[in-house]
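# A look at the structure
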Amino acid sequence: MASAARGGGGGRGSGVFSGVGGGGIGNGFFSFRIFVSAMFSLLFLAAISVVFSSHHYASSADPDLPMTGNAYVQRTFLTLKSDPLKMRIDLIHKQASDHVLLVNAYAAYARKLKIENTRQLRLFDDLAQNLTNLVAKPAYRDALFQTDGPVDEEVLRQFEKEVKDKVKTARLMITEAKESYDNQLKIQKLKDTIFAVHELLVKAKKNGAYASLIAAKSVPKSLHCLAMRLVEERISHPEKYVEEEPRPEFEDPSLYHYAIFSDNVIAVSVVVNSAVKNAKEPWKHVFHIVTDRMNLAAMKVWFRMSPVGKGAHVEVKAVEDFPFLNSSYAPVLRQLESANLQKFYFENGPENATKDLNNLKFRNPKYLSMLNHLRFYLPEMYPKLHRILFLDDDVVVQKDLTALWSIELDGKVNGAVETCFGSFHRYAQYLNFSHLLIKEKFNPRACAWAYGMNIFDLDAWRREKCTEEYHYWQNLNDDRTLWKLGTLPPGLIAFYSTTKALDKSWHVLGLGYNPSVSMDVIKNAAVVHYNGNMKPWLDIALNQYKDLWTKYVDSEMEFVQMCNFGF
């Protein structure tokens, strides 16, 4: 029993051991079979993949397929597996395509730089076309790109050689042109920048000139204050300002007579003060001041409160004190009553809205003011005088002017300083020579002269009938087709061929717009003229010339101090 038990136990033990050992070998054999099956499956899938890959490449051999990105990577990988020469074809084709793009880019730069007719542009266009034609050449397309069979290596070498030659030429051309094109682009950008800045500058100048015109047309607060204070003084103390009888000196032709027409009290006072202070014999000088009715009282009170002294004589009148100046006689007054002209000047309609500087300038109503046109009636206003010196209200007298009364005018009416130089300030710039009447009568190259300081021979004026000539042309210009408005164009017409040129040192112009007038020229001038928009009594005046004017202002006068002129 015991033996049997041991034997059975041993048998069980052996059986167990044998069973365990036999199970391990069976499991290993089973795993090996799985591995072999998997390998066969993979080989089968690889074979199918190769078949499909070959089919895919055969269908995508067209050179128009994408040469970059995922499609190009997939194509290149499959080509490498199928035929190394096809990979080589792809690389050569891509190199050719890249250089076509590069050459076209430089050609586009050339067109942008506006050099279409240059040799370089034609070379770039030809090279790009040659590369494109080379790739599309039937012999190469059939043998290299559209074949399912093996690649002809000899054709491939020939294709590669031609592509490399073209690429080499393209690189040489690009290297040669690159620096030039870069510089050209920089120059073009600089030109564009300069043009843009110039446009901004022109716009800023126009806006500045527009603002300057507005400032020139406006009445400063201080000037308005002065006029109001003077009128208030006249109303408050009427007994002080009783009208005086005309003095005999006002009609004495042996004295030196001046004519000043203005509604600006402070400006007129400077003209008179500067003339008197620089006169050698001031008691022989007579100043005829004419203003409008609104400023008559203020002007009279000023010269009572601030007399010029040194025995000089001042006569103050209004336009209305000359009864012959009415609309039936003076064309300007008749035109001022015209509805069309009033609409042109005073109606605030859209058709009158403008920022055109020339148009805006001539829309200034002062050009049609009777005060501005009084200069054409001097012989009738002062019938007993032989000579008279006309002065604008924006001048300063720096020397004794009595020599002007003894200047020989050679029978001419007007003694004035000419302003022409080169082609500037000729009659053609003031009159419309496209009009037949102007073209037939005047020389467009005739030299213009300046108003502001003019010595007039009133006897010669009457003889030449200059006022009648002025009336004739002013009536013809009712529609403003002969000249734009103002007094210089009709003056050039009325005194055509009757003007004597004076030495330029008598009258220096430009202090109201030109900052470059030489101080030596100004110092030697008998009269300096602030013609332009930058009048010395305005805030926009040119500072370098302002002292020449302000030193003749009566700054001690109480109303000047009260009105804050700031001189």
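Cut-offs used in this document
- Residues numbered from 1 in each chain as written.
- Predicted model: local features only at pLDDT ≥ 70, side-chain atom pairs only at ≥ 80, totals over all residues.
- Heavy atoms only, no water.
- Helix = DSSP H or I, 4+ residues; strand = E, 2+ residues; numbered from the N terminus.
- Buried < 20%, exposed > 50% of the residue type's maximum accessible area, 1.4 Å probe, protein only.
- Contact = heavy atoms within 4.5 Å.
- Areas by Shrake-Rupley, 256 points an atom, 1.4 Å probe, with all protein chains shown as cover.
- Axes fitted to C-alpha atoms, helices over the stretch in contact; angles between N-to-C directions.
- Parallel < 35°, antiparallel > 145°, perpendicular 65-115°, else oblique.
- Nonpolar A, V, L, I, M, F, W, Y, C, P; charged D, E, K, R; others polar.
- Pairing = 2+ DSSP bridges.

### Thoughts on the overall build of the protein chain
Scanning the protein chain from N- to C-terminus turns up 21 helices and 10 strands. Across the 567 residues that make up the protein chain, the buried fraction comes to 42%. By sequence separation, contacts in the protein chain at least 24 residues apart represent 74% of the contacts at least 6 residues apart. A total of about 31,000 Å² of accessible surface is found on the protein chain, and carbon and sulfur atoms cover 57% of it.

### Here we look at the environment of Glu558
As for its placement among the helices and strands, Glu558 is situated in helix H21 (residues 558–562). Judged by its relative accessible area of 44%, Glu558 is partly exposed. Considered as a pair, Glu558 and Met305 are 253 residues apart in the sequence and their alpha carbons are 9.5 Å apart.

### Comments concerning the environment of Leu404
Mapping Leu404 onto the fold places it in the loop between strand E5 (395–397) and strand E6 (414–416). C-alpha separation for the pair Leu404 and Phe456, spaced 52 residues apart in sequence, amounts to 9.8 Å. Ignoring anything within four residues of it in the chain, the contact list for Leu404 reads Arg387, Leu389, Met453, Ile455, Leu502 and Trp506.

### Section: unusual backbone geometry
Most peptide bonds take the trans configuration, and most residues that are not glycine carry a negative phi. The phi torsion at Ser497 lies on the positive side, around 70°, for a residue other than glycine. The topology assignment puts Ser497 in the loop between helix H18 (488–494) and strand E8 (499–501). Since its relative accessible area comes to 56%, Ser497 is described here as exposed. With a phi angle near 55°, Asn564 is a residue other than glycine that sits in the positive phi range. Position of Asn564 relative to the elements: it lies in the segment after H21.

### Side note on the packing of helix H7 (residues 221–236) against helix H9 (residues 293–305)
For the pair H7 and H9, interaxial distance at closest approach is 8 Å and the crossing angle is 80°. Classified by the angle between their axes, H7 and H9 sit roughly perpendicular to one another. Of the residues in H9, those in contact with Leu226, Ala227, Leu230, Val231, Glu233 and Arg234 of H7 are Asn295, Ala297, Ala298, Val301, Trp302 and Met305. Residues of the contact of H7 with H9, tallied by class, amount to nine nonpolar, one polar and two charged.

### Brief notes about the sheet that holds strand E9 (residues 507–508)
Judged by pairing direction, the sheet is mixed, and its three strands sit side by side in the order E5-E10-E9 without closing on themselves. The sheet terminates laterally at E5 and E9, the two strands that pair on one side only. Examined bridge by bridge, E9 and strand E10 (residues 527–529) share two bridges and lie parallel to one another. Following the sheet pairing, His507 is matched in E10 by Val527.

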